[in-house]
Amino acid sequence: MIRFFRDRKVRDYFWQGLATVGLIAVVWFFVQNASENMLKAGMATGFQFLWRDSGIEVPFNLTGYKPSDTILALLWTGVVNTILVSAASIVVATVIGFTVGLLRLSRNWLLSSLAGFYIEFVRNIPLLFFVLFWYFGVLAALPAPRESLGFLDVVFLNRRGLSIPTPNDVTGFRLAIVATLVLIALQAGLARWAKARQARTGRDFPLWHVGVVLCGALPLAAFVAAGFGTTWDMPTLRGFNYRGGFVLVPEFVALFAALSTYTAGFIAEVVRGGIQSVRQGQLDAGRALGLSQGRVVRLVVIPQAMPVIIPPITSQYLNLIKNSSFGAAIAYPDIVSVFMGSALVATGQAVEIIAITLAIYLVLSLFVSLFMNWYNARHKLVTR
């Protein structure tokens, strides 16, 4: 037995298992203690409340939720709204962050100074200020519905949101989405073939030009054709507001703009640091091969900077998902507002609701971490 425990791996597994059992025991003790105290106080416990009728109105939802639905449906609506604003903000923040990070390294003094000012301003201002600024300072200054800003008489912007037309039949758009996914898969296969061909023969392939056609022009044409092939529910002014179509509420726009512009400042610094980690000799070698400045950045700098960029940018993505809870400050119907707020007040099941909310944020964060770790493994530098 003593010889068995002399093995370092065995000792590590033993102490890790012992620590895990101890942690589970501590959590179980506190859960049992809280449950007993709640029973003595006459407070209901359990998760049966999830199947009660909610009776809570949600002004913005994509799930078809109605107040007559269950609290579980209300929870799902909050989760979808949280994922929607987080995913959209991650995409836009990444684009803005990479752009600002590259401009920060520009030789043009004006562009570099503007990018530096933006980064320093964003990194030293609380996120809540951004949320309130976009909501009260920008969107609240928009005109009333009767004086809405119109675009081609089909899209209308006012302080109550952005009203856009919606298709009455989505069959054509479903086919367009399928066609887009097929074209993206075709582009991915073509990229693998082009890479293998270049390694074998040294001949380059105009992958970016083909990608613009396969992943840009053709999907756009498919969606345009689907749009012409269906009828639309157009927003019209009735009374004091627009009816029909779909309304993108100002709470979503404000939270989306705040998360995107705020996180972009931190991503820009990550990108700048990743690019500066690439040695100058690599850039000189790319120029010596006759590559243009743009191709040096795309083919030499970015691939070597990505292993440095991905880990810290993952942390920024996780922060953005958790920061989406600031939407409760402007009544955006995310999981914190509709579940930890309205549902908790209506049911009084504080322990269960808080535990469910924490578990959902944990699952979302772990999913993003796993995906980014997989992506990082595919882009790590291969060394001897």
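Every value quoted in this text rests on a predicted model; they were computed, and no experiment measured them. (Residues numbered from 1 in each chain as written. Predicted model: local features only at pLDDT ≥ 70, side-chain atom pairs only at ≥ 80, totals over all residues. Heavy atoms only, no water.)

1. Examining the overall build of the chain
How we decide: Helix and strand assignments come from DSSP, with helices taken as H or I runs of at least 4 residues and strands as E runs of at least 2, each series counted from the N terminus. The cut-offs for exposure are 20% and 50% of the maximum accessible area for each residue type, with area from a 1.4 Å probe on protein chains only; residues under the lower value are buried, those over the upper are exposed, and the others partly exposed. Whether two residues are in contact is decided by their heavy atoms, any of which lying within 4.5 Å being enough.
A tally of helices and strands in the chain yields 12 helices and eight strands. A principal-axis box enclosing the C-alpha atoms of the chain has dimensions of 85 × 80 × 45 Å. Split into buried and exposed, the 384 residues of the chain put 34% on the buried side. Long-range contacts, defined as pairs at least 24 residues apart, comprise 67% of the intrachain contacts of the chain with a sequence gap of at least 6.

2. Notes on the pattern of salt bridges
Which entries qualify depends on this criterion: Note on definitions: salt bridges are taken to be side-chain nitrogens of Lys or Arg within 4 Å of carboxyl oxygens of Asp or Glu.
Applying the stated criterion across every chain yields a total of two salt bridges. A salt bridge links Lys 66 to Asp 69; the nearest nitrogen and oxygen atoms lie 3.9 Å apart. Note that Glu 269 is salt-bridged to Arg 272, the shortest N-O span being 2.9 Å. Residue Glu 269 and its partner Arg 272 are located together in helix H8 (residues 250-276), separated by three residues, close to a single helical turn. Taking the relative accessible area as the measure of exposure, Glu 269 reaches 18% and is therefore buried. Taking the relative accessible area as the measure of exposure, Arg 272 reaches 22% and is therefore partly exposed.

3. Observations concerning the nonpolar core
The tendency in soluble globular proteins is for nonpolar side chains to be buried as a group. Rule in force here: We call a set of buried Ala, Val, Leu, Ile, Met, Phe, Trp, Tyr and Cys residues a nonpolar core when their side-chain atoms join them within 4.5 Å.
Grouped together as the largest cluster of nonpolar side chains are 60 residues, with contacts concentrated most on Ile 335 and Phe 339. Elements supplying a minimum of two residues to this core: helix H3 (71-104), helix H5 (127-138), H8, helix H10 (293-323), helix H11 (335-347) and helix H12 (350-378). Here this core takes 12 residues from H10, the largest share from any one element. Aside from chain neighbours lying at most four places away, what touches Ile 335 is Leu 75, Gly 78, Val 79, Thr 82, Met 340, Thr 357, Ile 360 and Tyr 361.

4. Some points on the confidence of the model for the chain
The condition that has to hold: Residue-level confidence of the predictor is what pLDDT reports, using numbers from 0 through 100.
Here the chain averages 81 in pLDDT, and 93% of its residues register 70 or above. Ranking the elements of the chain by mean pLDDT puts helix H1 (residues 2-5) last, at 59, and H3 first, at 90.

5. A few points about the pairing of strand S2 (residues 155-158)
Remark: a regular strand shows side chains that alternate across the two faces of the sheet. Note the following rule: Think of it this way: DSSP has to see at least two bridges between two strands before they count as a pair.
As judged from the three bridges shared by strand S1 (residues 149-151) and S2, these two strands associate in the antiparallel manner. Residue pairing in the sheet places Gly 150 in a bridge with Phe 156 of S2. The turn linking S1 back onto S2 is made up of three residues, and Leu 152 within it adopts a positive phi angle of 60°. Both S2 and strand S3 (residues 161-164) contribute to a ladder of three bridges, which runs antiparallel. By the bridge assignment, Phe 156 is partnered in S3 with Ser 163. The antiparallel pairing of S2 with S3 creates a hairpin that spans two residues between the two strands.

6. Side note on the sheet that holds strand S8 (residues 246-248)
Rules: Helix axes use the C-alpha atoms of the stretch in contact, all axes being lines fitted to C-alpha atoms, and the angles between their N-to-C directions lie in the range 0 to 180 degrees.
The strand order across the open sheet formed by four strands is S1-S2-S3-S8, and the pairing between neighbours is antiparallel. Each edge of the sheet is formed by a strand with only one pairing partner; in this case those strands are S1 and S8. Geometrically, the sheet is characterised by an average inter-axis angle of 20° between neighbouring strands, direction not taken into account.

7. Side note on the packing of aromatic side chains
This is how it is decided: Ring pairs shown here join Phe, Tyr and Trp side chains whose ring centres sit within 6.5 Å, with only the six-membered ring taken for Trp; geometry is labelled stacked below 30 degrees between planes, edge-to-face above 60, and tilted in between.
Applying the stated criterion across every chain, the model contains 12 aromatic pairs. Pairing Phe 129 with Phe 130 gives two aromatic rings, centres 6.2 Å apart and planes at 90°, and the pair type is edge-to-face. Between Tyr 262 and Phe 266, the aromatic rings sit 5.1 Å apart at their centres with planes inclined by 55°, giving tilted as the arrangement. Here Tyr 262 and its partner Phe 266 are both found in helix H8, four residues apart, which amounts to about one turn of the helix. Overall, the relative accessible area of 14% leaves Tyr 262 in the buried class. Residue Phe 266 is classed as buried on the basis of its relative accessible area of 18%.

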